[in-house]
Amino acid sequence: MSNENTAPATQTFPVGTMEPEYTLTEALDTDEAGTFADISDEDREHWMRARTFVQEDVLPVIGEYWDRGEYNLDLVARMGELDLLRDGVDVPGLPPMSKLAAGLVSMELSRGDGSISTVAGVQGGLAMRSIAMCGSDEQKKRWLPDMAAGKLLGSFALTEPTHGSDSIGLETSAVPVEGGYVLNGEKKWIGNGSMGGITVVWARSSEDGKVRGFVVPQDSEGYTATTITGKLSLRAIHQAHIRMENVFVPEENVLPKAQSFKDTSAVLFATRIGVAWAAVGHAQACYESAVQYAAQREQFGRKLAASQIVQERLARMLSELTQIQTLVMAMARKEEAGTLTGPQASLAKFTATRTARQIAANARDLLGGNGILLENRVARHFADVEAIHTYEGTETVQALIIGKSITGISAYN
């Protein structure tokens, strides 16, 4: 008779069912064409400083903040310490930063995270640049050093709930009164607009109907900002819906060189190629993760990397990445030389963001079910690329700018 109390024999646990830990965030050499081989030591130093920040400070924590929709201000402060916030804007006491260096920093920050890159794009590219290009010497001294150091957050309020692509039609009003102006209107999608700093507001003057720029402290009476929630992209930066009801702006906060929408457009033109650089960074992150996953993941008794179709897909991603690296670098050289045109900047943005979408989608699929997990990096970039594909001018708007340049005929007037 068998002993019913006999313990069952110890079974060998099938270790093959246990998923290994994948390492997908290492920085790889993706410069197959030598596109960045000849950049100066100064420009490379800015780039590598951003890379160290991404590897050591951003990547270990950003997934959690993105998941919770929280804004990590410690990372912003660290960016200020490392001089990664100003997007090439000249600030007294800080070393020169070329336009190319600013682009490389934008690329590298986006390789880390889209929200972090957007922080620099809003703070330096838009808010600081508006003050640098349109402000007085006193205004530059008053605000730019603290903004570069991350001690004062800035935002750029152009887009309205009813005026996105047609931002030239903005309706926020500026009425002159004794000692300054009174602003009324709403703005939407304003990064840093609810963080307690300052907002560069673009409003239409009742005197002549022209668009002018105003620096508005966010604690001004009548200024209310609600952080937008429910976003599926750029979740680790706060963007605001702003309402201004009879907000008084003293004359000393009026930007003297912001006299028309052309001045607004000049700021936007200076940042458009930065979005193209950001797209390259997102694409590189997705490609890197795909390469590393293929080398570590086993299916059907072999590494994914041993499959012909996987190698073809990686080759396609590298081909597409190399194309936009080369394009953006060529446009950056033109920007440095002062010969970059609006349609050329639009072409860079149009091509880079749509190509980054393709690479992100390919990488997401290559990772299979693991591709939707934040811990594996690609899903976050896959979502954030959707945001940069839209902001600073949608694909359709960029196409119409390019189309006008090709044909000489405006299809949007």
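Rules used throughout
Residues numbered from 1 in each chain as written. Predicted model: local features only at pLDDT ≥ 70, side-chain atom pairs only at ≥ 80, totals over all residues. Heavy atoms only, no water. Helix = DSSP H or I, 4+ residues; strand = E, 2+ residues; numbered from the N terminus. Rg over C-alpha atoms; globule rule 2.2 N^0.38 Å. Buried < 20%, exposed > 50% of the residue type's maximum accessible area, 1.4 Å probe, protein only. Contact = heavy atoms within 4.5 Å. Expected span 1.5 Å × (residues − 1). Bend = angle between axes of the 7 residues up to and from the residue. UniProt positions renumbered as here; feature names shortened; annotations may be inferred. Domains from an automatic or database assignment. Buried area = accessible area lost by both parts, 1.4 Å probe. Salt bridge = Lys/Arg side-chain N within 4 Å of Asp/Glu carboxyl O. Patch = residues over 30% accessible without salt bridge, like charges linked within 9 Å, V, L, I, M, F, W, Y side chains within 5 Å. Areas by Shrake-Rupley, 256 points an atom, 1.4 Å probe, with all protein chains shown as cover.

(A) Seen up close, the overall build of the chain. What the chain contains, in helices and strands, is 11 helices and nine strands. In terms of C-alpha radius of gyration, the chain reaches 24 Å, essentially the compact-globule figure of 22 Å for 413 residues. The dimensions of the chain, computed from C-alpha atoms along their principal axes, are 105 × 55 × 45 Å. Taking all 413 residues of the chain together, the buried fraction comes to 51%. For the chain, long-range pairs separated by at least 24 residues make up 77% of all intrachain contacts whose partners lie at least 6 apart in sequence.

(B) Region of interest: helix 7 (residues 261-296). For helix 7, spanning 36 residues, the distance from its first C-alpha to its last is 52 Å, which sits close to the expected 52 Å at 1.5 Å a residue. A maximum bend of about 25° is found in helix 7 at A270. Taken across its 36 residues, helix 7 has 27 buried, putting it largely inside the fold.

(C) Region of the structure containing unusual backbone geometry. A positive phi angle, near 60°, is found at D83, a position not held by glycine. Of note in this structure, W189 is not a glycine but carries a positive phi near 65°. Residue placement: W189 occurs in strand 3 (residues 180-191). What makes W189 partly exposed here is its relative accessible area of 45%.

(D) Representation of the UniProt feature "domain: Acyl-CoA dehydrogenase/oxidase N-terminal" (unreviewed entry) in the chain in the model. The residues that UniProt annotates with the feature "domain: Acyl-CoA dehydrogenase/oxidase N-terminal" (unreviewed entry) are residues 41-151. Annotated as 73% helix and 0% strand, the span residues 41-151 places its first and last C-alpha atoms 29 Å apart.

(E) Broad picture of the domain arrangement of the chain. Segmentation of the chain into domains returns domain 1 (41-149), domain 2 (154-259) and domain 3 (262-407). Each of domain 2 and domain 3 has a C-alpha centre, and these two points are 31 Å apart. Contact residues are listed per partner, giving 11 residues for domain 2 and 11 residues for domain 3. Here domain 2 and domain 3 share an interface that buries about 800 Å² over both sides, 66% of which is from carbon and sulfur atoms. Of all residues in domain 2, S165, S233 and L234 bury the most surface against domain 3, accounting for 47% of the area lost on that side. Linking domain 2 with domain 3 are zero salt bridges.

(F) Local environment of a nonpolar patch on the surface. A cluster of nonpolar side chains, contributed by F13, V15 and M18, occupies part of the molecular surface with about 360 Å² of accessible area. The topology assignment puts M18 in the segment before helix 1 (41-58).

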